[in-house]
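Inside the fold
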Amino acid sequence: MAFGIFIHRSDSIYDDIPSERYQFPKQYLSRAQQCEGDWIVYLEPSKVKETKGYFAIAKVQEIIPDPRKPDMFLAVIEPGTYLDFGDPVSFRDENSIIERGLLNDQGKISGRAQAAVRTLSAEDFARIVERGLGRDEDILPRVGETMQSPGFQDAQTPFQHMPARERVNQLTNRAVRDRNFRKNVLRAYGERCAITGLRLINGGGRAEVEAAHIRPVEHDGPDIVSNGLALSGTAHWMFDRGLVGLADDLTILVSRQSNDIEAVTSMINTSGKILVPDRLANRPRTEFVTWHRENCFKQ
């Protein structure tokens, strides 16, 4: 087993869903197989406008032939392991490139940097993950807010200079995943409630908005922005309890079981639809919206 790098771009010609699968041609098969059962880092290439750089991690469950396309293969991602970095990591810093294994004996970037699938040294993996998950001061919970969530409840371990295999143990930590999910959702929505349209900042400079899963984690919902909504506390409470939901076109639905339909309706922004992120890949995926409507929303 080995750590790896998978290059992905949102406008890729390949049939990729980074949280579920990564498609690649046969020429990369031997490299991808080395990563089977281990963790990989997703990298958006520098040629992409406003590139995110190293932007996520995931664990490769298995490598299989693509049943729909000859000579293509799929890296199947282990459910529940994909995680966007709260702080995407640039390919370069002020001194050098982050992925030092790409440097040749002359200290220059080798041709290996062009490979869409490549192995990654333990040192480079630890460096990238430390920078991607290690800071939490940019977008924090509200003052006095205690984050409570189902799943793993391990105490958070400091991130600084942790060896790669020890750092892997942090990647399923619920507190770490919640923090990064919140950062990414709030950033995508501009810290604005998707239902009310309000952007409120408290006296401590923190956003009065929460990150809600559309399909909850306890029902196999992934920690990805397209399964998230930025919602005010009240809107989040109503969404989780099915008093509001979404149509497939993202029109906001109000349950007939609400005890004050008029008051709930008055909270909705004037468009009648949720306010969505600019980046298409961050907008709610229909499969999650449908799941919530069929399993949570009270008709």
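An account of the accompanying structure is given in this report. Quick caveat, the model's predicted, so the values are computed rather than measured. (Residues numbered from 1 in each chain as written. Predicted model: local features only at pLDDT ≥ 70, side-chain atom pairs only at ≥ 80, totals over all residues. Heavy atoms only, no water.)

1. Points about helix α2 (residues 122-133)
Given 3.6 residues to a turn, an α-helix orients residues that are three or four positions apart in the same direction. Here α2 is 12 residues long and its end C-alpha atoms lie 16 Å apart, about the 16 Å a rise of 1.5 Å per residue gives. Within the span of α2, buried status applies to Asp124, Phe125, Ala126, Ile128, Val129, Gly132 and Leu133. (Helix = DSSP H or I, 4+ residues; strand = E, 2+ residues; numbered from the N terminus. Expected span 1.5 Å × (residues − 1). Buried < 20%, exposed > 50% of the residue type's maximum accessible area, 1.4 Å probe, protein only.)

2. Digging into the pattern of salt bridges
Summed over the entire model, instances satisfying the criterion amount to 19 salt bridges. Taking the shortest distance from any N to any O, the salt bridge between Arg279 and Glu44 comes out at 2.9 Å. Linking Arg279 in the loop between α6 (261-267) and α7 (286-295) with Glu44 in the loop between β3 (39-43) and β4 (54-65), this pair joins segments that are 235 residues apart in sequence. The shortest N-O distance in the salt bridge between Arg118 and Glu99 comes to 2.8 Å. One end of the pair, Arg118, is in strand β7 (residues 117-120); the other, Glu99, is in the loop between β6 (83-89) and β7, with 19 residues separating them in the sequence. On the accessibility criterion, Arg118 (1% relative accessible area) is buried. For Glu99, a relative accessible area of 1% gives the class buried. Linked by salt bridges that have partners in common, Asp15, Glu20, Arg21, Asp66, Arg68, Arg285 and Glu287 make up one network. (Salt bridge = Lys/Arg side-chain N within 4 Å of Asp/Glu carboxyl O.)

3. So, the environment of Met238
Considering the arrangement of structural elements, one finds Met238 in helix α5 (residues 233-240). Between the C-alpha atom of Met238 and that of Val254, which follows or precedes it by 16 residues, the distance is 9.5 Å. Aside from chain neighbours lying at most four places away, what touches Met238 is Leu243, Val244, Val264 and Met267. (Contact = heavy atoms within 4.5 Å.)

4. Brief notes about the packing of aromatic side chains
Tallied over the entire structure, the rule returns 9 aromatic pairs. Their ring planes at 20° and their centres at 6.1 Å tell us that Phe24 and Phe73 sit as a pair that is stacked. With a gap of 49 residues between them, Phe24 in strand β2 (residues 21-25) and Phe73 in strand β5 (residues 72-77) connect regions that are remote in the sequence. Judged by its relative accessible area of 1%, Phe24 is buried. (Phe/Tyr/Trp six-rings, centres within 6.5 Å; stacked < 30°, edge-to-face > 60°.)

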